[in-house]
Each structure stands twice: as C-alpha cells, then as structure tokens.
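Reading the structure
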Amino acid sequence: MSLEPAELLRRLSVSLRSDIGPAVGDEYARTQAFMASVILERVSRQLALGPQHEADELVDMTELCDALEEVLADAPVEVLDAFTEARSRATVASLGALIERLYAWGGTEPKVVRALGLIRPVLRRDIDRKMAVAG
C-alpha cells in the first residue's frame, strides 16, 4: 500500500508530536521535534489542498477578469496595463499593481469603486484558502 505524500507527511507529523517528541530527554531537541511536527503538518495540508486551491484561484481570476473587462473598458492606460498583466498571470498576487493603479485613478470614481467591489471577494477567498493551509 502506497500513501499519498500529504498523508505520509501528516503521519510523520503525528509521530513526531505524539511519539518522538515526548520521548526526547533534551529540551532543545524535544522542542525541535515538535517544531518539525508543525512544519510537516503545514506542508501536508499544502500538498493536500494545493491543487484544488490553484484551480479555485484560476476560476476566481477568470471570472474576475471577465467582469472587470467591461468595468475598465475606458480606464487610463496605466490601469489597463495592470489589468492586462493580472489577466495574463491569472494569480491573486498579480492584483496588487492593479489595485494600486485603481486607487491612483481615483478612489471615489464610480468605476474604481465597482472594480474594487469585484476584487475584494476574490481577495477574501484567497485569504480563506491560505488560512486553510495555515490551520
């Protein structure tokens, strides 16, 4: 029977936390065993959730960019350049430059308010995905 990498790391983490760590006499080494357990647990979650999170991010970014295309149709060239970059990279991390350009365009401009209103839920879902990995 072969274990998936995420499950193998999770089991190693449990062993370090419940069996190995408590059996180590040296305080520093015991602390290191517990810390290794925490790291393995996080890497395990990252491996397990990563593919679905990447797919969810791509869906979020595709839907967002489709919605922003109409809103930003007549935006300044700086905003359009940042939007084009975000669309081509299709990652939430690429939204930073677009957000900066939107605020530079004018935070009370109705199209900016609409664009930011579309972006915020995508950022929230990205944070939620990161928190699922962090545990």
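Just so we're clear, the structure is a prediction, and the values are computed from it rather than from any experiment.

With 13 residues, helix H3 (residues 77-89) should cover 18 Å at 1.5 Å per step; its first-to-last C-alpha distance of 18 Å lies within 8% of that length. Among the structural elements, helix H2 (27-71) and helix H4 (95-106) are those in contact with the buried residues of H3. Directly beyond the C-terminal end of H3, a positive phi value near 55 degrees is found at Ala90.

Time to look at the packing of H4 against helix H5 (residues 110-134). In helix packing, the relevant descriptors are the interaxial angle and the interaxial distance, both defined with respect to the helix axes. Following both chains from N to C, one finds H4 and H5 inclined at 155 degrees, their axes separated by 10 Å at the closest point. Between H4 and H5, the angle falls in the class roughly antiparallel. Between H4 and H5 lies a crossing whose hand is left-handed. Two secondary-structure elements touch here, H4 through Leu95, Leu98, Ile99, Leu102, Tyr103, Trp105 and Gly106 and H5 through Lys111, Val112, Ala115, Leu116, Ile119, Arg120, Val122 and Leu123. Residue classes in the contact of H4 with H5 are distributed as 12 nonpolar, one polar and two charged.

In this section: the packing of H3 against H4. Interaxial distance between H3 and H4 falls to 8 Å at its minimum, and their mutual angle equals 160 degrees. Classified by the angle their axes make, H3 and H4 are roughly antiparallel. Crossing handedness for the pair H3 and H4: left-handed. Each of Glu78, Val79, Ala82, Phe83 and Ala86 in H3 lies in contact with H4, whose residues at this interface are Leu95, Ala97, Leu98, Arg101, Leu102 and Trp105. Residue composition of the contact of H3 with H4, by class: nine nonpolar, no polar and two charged.

Moving on, we come to the environment of Glu78. Within the secondary structure, Glu78 sits in helix H3. Taking the C-alpha atoms as reference points, Glu78 and Gly50, separated by 28 residues in sequence, lie 33 Å from one another.

Looking at where Glu41 falls in the secondary structure, it is placed in helix H2. Residue Glu41 is classed as buried on the basis of its relative accessible area, which comes to 19%. Residues within four places of Glu41 in sequence aside, it is in contact with Arg10 and Ser13.

The rules behind each value
- Residues numbered from 1 in each chain as written.
- Predicted model: local features only at pLDDT ≥ 70, side-chain atom pairs only at ≥ 80, totals over all residues.
- Heavy atoms only, no water.
- Helix = DSSP H or I, 4+ residues; strand = E, 2+ residues; numbered from the N terminus.
- Expected span 1.5 Å × (residues − 1).
- Contact = heavy atoms within 4.5 Å.
- Axes fitted to C-alpha atoms, helices over the stretch in contact; angles between N-to-C directions.
- Parallel < 35°, antiparallel > 145°, perpendicular 65-115°, else oblique.
- Left-handed = near helix turned anticlockwise from the far one by under 90°.
- Nonpolar A, V, L, I, M, F, W, Y, C, P; charged D, E, K, R; others polar.
- Buried < 20%, exposed > 50% of the residue type's maximum accessible area, 1.4 Å probe, protein only.

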